[in-house]
Amino acid sequence: MAQAQLQTPNPPQTPTQTRGYDYDLVIVGGGIVGLTLASALKDSGLSVLLVEAKVESAAVAKGQAYAVHMLSALIFQGIGIWNKILPNIETYRRVRLSDADYPSVVEWETKDINTKDLGYVAEHQALLHPLQEFVKNCPNVTYLCPAQVLNIQYQQDVVTMDVKIADQMQTVRSKLIVAADGSRSPIREAAGIKTRGWKYWQSCIVAFVKPEKPHNNTAYEKFWSSGPFAILPLPGNRCRIVWTAPHEEAKALCALDDEQFLTELSKRYGNQMGKLELLGDRFIFQVQLMQSDRYALHRLALIGDAAHNCHPVGGQGLNLGIRDVAALAQVLQEADTQGEDIGNIQVLKRYERWRQRENLTILGFTDLLDRMFSNNILPIVIVRRLGLWMMQRIPLVKVFALKLMIGLKGRTPKLAQH
Ligand SMILES: Cc1cc2nc3c(=O)[nH]c(=O)nc-3n(C[C@H](O)[C@H](O)[C@H](O)COP(=O)(O)OP(=O)(O)OC[C@H]3O[C@@H](n4cnc5c(N)ncnc54)[C@H](O)[C@@H]3O)c2cc1C
């Protein structure tokens, strides 16, 4: 609704204001996860303030793309935004998983789970832009961008904060603050929530290429001993590469000129799509595993990267964040309908219990995959190749692994049930 100007969502007086709150909840961080939560609450009757620090154009301009899993697509459908996203993203209908040059390849197709598609790949702006437009049309959401939340004070009945817009400061009172402010989450840090995890010995290079032959809507995950190497199809017969390698190797690869980089890339890519053309810049990302000890305190909830980070193998991080959103939106709406205080820890613990364990399973699975495949230790090579052989031949194992990776194994939120 509003931008760069603080106003109440339903002037002159909402029930929230009469009880001494300016908003029912304040979401800090207008990345994909924060925007998705504001969108998911559009019919909740809750008044929402969404605050993003970057200017809109800068927030959109991120050289990233994501595998979007089936459950995330169902959640976006439930919110009513999928029809704005789908035309600008690509579908994948086949996934091929292989261990370096070992000839036995595990292949999943749509018939394995009786769906039209297996998943999608979206560039950052193809998700962020429609979400930004969507929240501007939610009458219960006030969208402040760019703005910053400072000086948060938690009290028994209220959380108070200063919101800085340009050089003006305004105090806001709310029942709940939701931190969707990314992996470094200043809000999580200031609240003293501890995290566990580690930084990986690998970095991740993200690049975009145009192959000579059609990508045929196929996603590849190739496990080289230096790290996983993913090829994901994008619109316009482009592909996104996520190439994991030890830090020094990744830095050296990024420093190569385009021609040398393409030569190295082609060795890992294989020749299934013919000659490759490099498109635009390459980006390098640090990767870590991180789980917050708490996802909720009295009047505070963490979602998305503020709560957890994982290795990019299998494209899980954002998808876990979207599942956090669906779970939190459901918990808050049910609590509010029953007349409960949405910022109360007893309510927020329902969200924490739901999501913390499910996320930990995926964090553990991605870590195991990376460690099992990123080495040449003979007994481990034998075990993992046996695992791949079993997965290819035992349909139950194969379908279980796929469903786990695309989010169809946990508790299904109401937003995805339609
Ligand atoms: C190489 C790589 C590949 C990946 N591939 C995939 C993939 O294929 N699929 C997938 O699901 N995930 C993937 N991920 C993970 C994914 O990128 C993240 O999980 C996701 O971007 C997190 O989104 P978020 O909205 O939680 O956080 P962010 O995108 O970090 O957004 C946080 C927002 O909060 C704002 N902010 C911060 N502090 C404040 C403040 N004080 N006030 C206001 N605003 C603030 C920031 O400006 C930002 O816009 C990948 C990650 C990497 C590194």
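Treat the numbers as computed from the prediction; the structure is a model and nothing was measured.

Rules used in this analysis
- Residues numbered from 1 in each chain as written.
- Predicted model: local features only at pLDDT ≥ 70, side-chain atom pairs only at ≥ 80, totals over all residues.
- Heavy atoms only, no water.
- Pairing = 2+ DSSP bridges.
- Helix = DSSP H or I, 4+ residues; strand = E, 2+ residues; numbered from the N terminus.
- Expected span 1.5 Å × (residues − 1).
- Buried < 20%, exposed > 50% of the residue type's maximum accessible area, 1.4 Å probe, protein only.
- Arc of directions from axis to C-beta.
- Contact = heavy atoms within 4.5 Å.
- Domains from an automatic or database assignment.
- Buried area = accessible area lost by both parts, 1.4 Å probe.
- Salt bridge = Lys/Arg side-chain N within 4 Å of Asp/Glu carboxyl O.
- Polar contact = N/O pair within 3.5 Å; in protein donor to acceptor, adjacent residues only side chain to side chain.
- Nonpolar A, V, L, I, M, F, W, Y, C, P; charged D, E, K, R; others polar.
- UniProt positions renumbered as here; feature names shortened; annotations may be inferred.
- Near = heavy atom within 4 Å.
- Areas by Shrake-Rupley, 256 points an atom, 1.4 Å probe, with all protein chains shown as cover.
- Axes fitted to C-alpha atoms, helices over the stretch in contact; angles between N-to-C directions.

Caption draft 1: Representation of the pairing of strand S11 (residues 168–179) in the model. Here strand S1 (residues 23–28) pairs with S11 via five bridges, running parallel. The partner of Leu25 across the bridge, within S11, is Leu176. Two elements, strand S10 (residues 159–165) and S11, share seven bridges in a ladder whose sense is antiparallel. Bridging across to S11, Val163 finds its partner in Gln170.

Caption draft 2: Fine view of helix H12 (residues 378–393). If you check H12, its first and last C-alpha atoms are 23 Å apart, about what 16 residues at 1.5 Å a residue would give, namely 22 Å. Burial in H12 covers these residues: Val381, Arg384, Leu388 and Met391. Looking straight down H12, one finds its buried side chains confined to an arc of 90 degrees; they lie on one side. Opposite its buried face, H12 presents the exposed residues Leu378, Pro379 and Ile382, each directed more than 90 degrees away. The elements touched by buried residues of H12 are strand S5 (94–99), strand S6 (106–109), helix H11 (345–373) and helix H13 (395–405).

Caption draft 3: Spotlight on the domain arrangement of the protein. The domain boundaries assigned to the protein delineate domain 1 (15–92 + 117–196 + 289–380 + 412–416) and domain 2 (207–288). Centre-to-centre, using C-alpha coordinates, domain 1 lies 29 Å away from domain 2. Taken residue by residue, the interface counts 27 residues in domain 1 and 23 residues in domain 2. Summing the contributions of domain 1 and of domain 2, the shared interface buries around 2000 Å²; its carbon and sulfur component is 61%. With a closest N to O distance of 2.8 Å, Glu123 and Arg238 form a salt bridge. Joining domain 1 to domain 2, the criterion identifies seven residue pairs in polar contact (both at pLDDT 80 or more). For the side of domain 1 that touches domain 2, the secondary-structure elements that each account for two or more residues are strand S3 (65–68), strand S4 (90–92), strand S7 (119–123), strand S16 (276–292) and H11. Its residues assigned to classes, the side of domain 1 that touches domain 2 comprises 13 nonpolar, 11 polar and three charged.

Caption draft 4: Focus on the UniProt feature "domain: FAD-binding" (unreviewed entry) in the protein. Per the UniProt record, "domain: FAD-binding" (unreviewed entry) is annotated on residues 23–353. A distance of 25 Å separates the end C-alpha atoms of residues 23–353, which is 29% helix and 38% strand.

Caption draft 5: Layout of the sheet that holds S5. Strand order in the open sheet formed by eight strands is S6-S5-S13-S14-S15-S12-S16-S19, and the pairing between neighbours is mixed. Looking at the sheet topology across the chains shown, the edges are occupied by S6 and strand S19 (308–309). Examined bridge by bridge, strand S12 (residues 195–211) and S16 share 13 bridges and lie antiparallel to one another. The partner of Trp198 across the bridge, within S16, is Leu289.

Caption draft 6: Region of the structure containing the site of the ligand. For the ligand, the set of nearby residues contains 29 residues, the closest of which are Glu52, Ala67, Asp305, Leu318 and Asn319. With respect to the ligand, the backbone of Ala67 contributes an N or O atom lying 2.8 Å from an oxygen atom. Between an oxygen atom of the ligand and a main-chain N or O atom of Leu318, the distance comes to 2.8 Å. Protein burial of the ligand: of its 1000 Å² of free accessible surface, 87% is covered by the chains. Sorting the residues of the shell around the ligand by element identifies helix H2 (32–40), S3, S12 and helix H10 (317–337) as the ones contributing at least two each.

Caption draft 7: View of the pattern of salt bridges. Applying the stated rule across the entire model yields 29 salt bridges. Linking Glu189 and Arg188 is a salt bridge whose minimum nitrogen-to-oxygen distance equals 3.4 Å. Exposure remark for Arg188: the relative accessible area of 4% places this residue in the buried category. The shortest N-O distance in the salt bridge between Asp367 and Arg371 comes to 2.9 Å. Pair noted here: Asp367 and Arg371 are both in helix H11, with a separation of four residues, about one helical turn. Accessibility expressed as a relative area gives 11% for Asp367, which makes it buried. Among the residues examined, Arg371 registers a relative accessible area of 37% and is labelled partly exposed. Here the salt bridges share partners, and the residues they tie into one network are Arg94, Arg96, Glu107, Glu109 and Lys111.

Caption draft 8: Layout of the sheet that holds S3. Spatially, three strands are ordered S3-S7-S4 in an open sheet, and the strand pairing comes out antiparallel. At either margin of the open sheet sits one strand with a lone partner, and together these are S3 and S4. Recorded for the sheet is a direction-independent mean angle of 25 degrees between the axes of neighbouring strands. Note that S3 and S7 share four bridges and pair antiparallel. The residue of S7 that forms the bridge with Ala65 is Glu123.

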